[in-house]
Structure formats: structure tokens, C-alpha cells
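Chain by chain, the residues:
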Amino acid sequence: MAQLLEQDIQSVLDAQVRPLLHAHNGDIELTGIDEGRIVRLRLLGACATCMGAEQTVNDVIVARIREACPWVVDVRVETGVSDELVAEALRFLKRDRR
């Protein structure tokens, strides 16, 4: 069942969201679907730090997902730098520089 839900979301992202984000050097990643049918996404590339990201999230991403997947209770989109990127930057900065 969870895999089917994930496929539904990926289909919406591929067909309706990614083309718009790619036009602005950005992308989006599905990071998970919680048991409560909460979809978690992460903006990537230029879209992650764009001043207009919040409007894009509300007007495009959330609207398209809710329209195509009425079972979704909430959509949460992470913007900005990912935790993984911060951790990698800290590892780089802390390495021994002999």
C-alpha cells in the first residue's frame, strides 16, 4: 500500500511539478510519507533557497498533490540546506589540514 501511495506522489511530481522546478534550476525529492498520510518533500537546487519558494510550495506543489491525491492529509516541504549537506560541510571544515 505504501509503495502505491509513493508511486502516486512520484507521478504528480514527475508530470506536474518537476518540469516547473527544472525551468528554474531546481528539483524536488520525496523524503517520505508518514502513517498519517503526511507527505514530506525537500526542495533541491536553486529552489531550495529561492525567495519565492513558499509561494511555489503553496500555489504549485501542495495544490497539485492535493488535487491528484485526495488521500493526502498534509504536505510538508523542507526548503533550505539539508541536514546531510550541513553535516558534510562540518566534516570538511573539521578535517586535519596538514
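One can find the structure itself at the top, above this paragraph.
Keep in mind that what you see is a predicted model, and the values were worked out from it rather than measured. (Residues numbered from 1 in each chain as written. Predicted model: local features only at pLDDT ≥ 70, side-chain atom pairs only at ≥ 80, totals over all residues. Heavy atoms only, no water.)

Chemist: Help me out: how do you make sense of the pattern of salt bridges in this one?
Modeler: Opposite charge on two side chains lets them pair, provided their charged atoms get close. Under the definition given, this model contains 7 salt bridges. Between Arg-42 and Glu-78 there is a salt bridge, with the nearest N and O atoms lying 3.3 Å from each other. Of this pair, Arg-42 sits in strand S2 (residues 38–45) while Glu-78 sits in strand S3 (residues 74–78), placing them 36 residues apart in sequence. Sharing partners across several salt bridges, the network here consists of Asp-14, Arg-18 and Asp-27. (Salt bridge = Lys/Arg side-chain N within 4 Å of Asp/Glu carboxyl O. Helix = DSSP H or I, 4+ residues; strand = E, 2+ residues; numbered from the N terminus.)

Chemist: Any chance you could explain the layout of surface pockets here in plain terms?
Modeler: To find leftover empty space, a probe the size of one water molecule is rolled over the atoms. Taken as a whole, the largest pocket encloses approximately 200 Å³ of empty space. Surrounding the largest pocket, Leu-20, Leu-21, His-24, Leu-43, Ala-46, Cys-47, Cys-50, Gly-52, Ala-53, Thr-56 and Val-60 form its lining. Those elements that provide at least two residues to the lining of the largest pocket are helix H1 (2–22) and helix H2 (53–68). With 3 residues, the top contributor of residues to the lining of the largest pocket is H2. Grouping the amino acids of the lining of the largest pocket by side-chain chemistry returns 8 nonpolar, 3 polar and no charged. (1 Å grid on protein atoms, 1.4 Å probe; cavity = no way out; pocket = protein on both sides within 12 Å on 5 of 7 lines; lining within 4 Å. Points joined across faces, edges and corners; volume = space filled by probe spheres on them. Nonpolar A, V, L, I, M, F, W, Y, C, P; charged D, E, K, R; others polar.)

Chemist: How do you make sense of the pairing of S3 when you look at a structure like this?
Modeler: Two faces make up the sheet, and in a regular strand the side chains alternate between them. Examined bridge by bridge, S2 and S3 share 5 bridges and lie parallel to one another. Across the sheet, Leu-41 pairs through a bridge with Val-77, a residue of S3. For the crossover from S2 across H2 to S3, the handedness is right-handed. (Pairing = 2+ DSSP bridges. Right-handed = clockwise from strand over helix to strand, strands pointing away.)

Chemist: Even after reading the chapter, I still don't get the nonpolar core, so can you show me in this structure?
Modeler: In globular proteins that are soluble, nonpolar side chains generally tend to be buried together. Counting 22 residues, the largest nonpolar core has Ile-9, Leu-41, Leu-43 and Ile-65 as the members making the most contacts within it. If you list the elements that add at least two residues to this core, you get H1, strand S1 (26–33), S2 and H2. Residues contacting Ile-9, with those up to four places away along its chain left out, are Leu-30, Ile-33, Val-39, Ile-65, Cys-69, Trp-71 and Val-72. (Core = buried A, V, L, I, M, F, W, Y, C linked by side-chain atoms within 4.5 Å. Buried < 20%, exposed > 50% of the residue type's maximum accessible area, 1.4 Å probe, protein only. Contact = heavy atoms within 4.5 Å.)

Chemist: How should I be thinking about unusual backbone geometry in this particular structure?
Modeler: Within the chain, Asn-25 stands out as a residue other than glycine whose phi angle is a positive 60 degrees. Relative to the helices and strands, Asn-25 resides in the loop between H1 and S1. Taking relative accessible area as the criterion, Asn-25 reaches 64% and is therefore assigned exposed. The backbone of Arg-37 shows a phi angle near 65 degrees, a positive value even though the residue is not glycine. Tracing the sequence through the fold places Arg-37 in the loop between S1 and S2.

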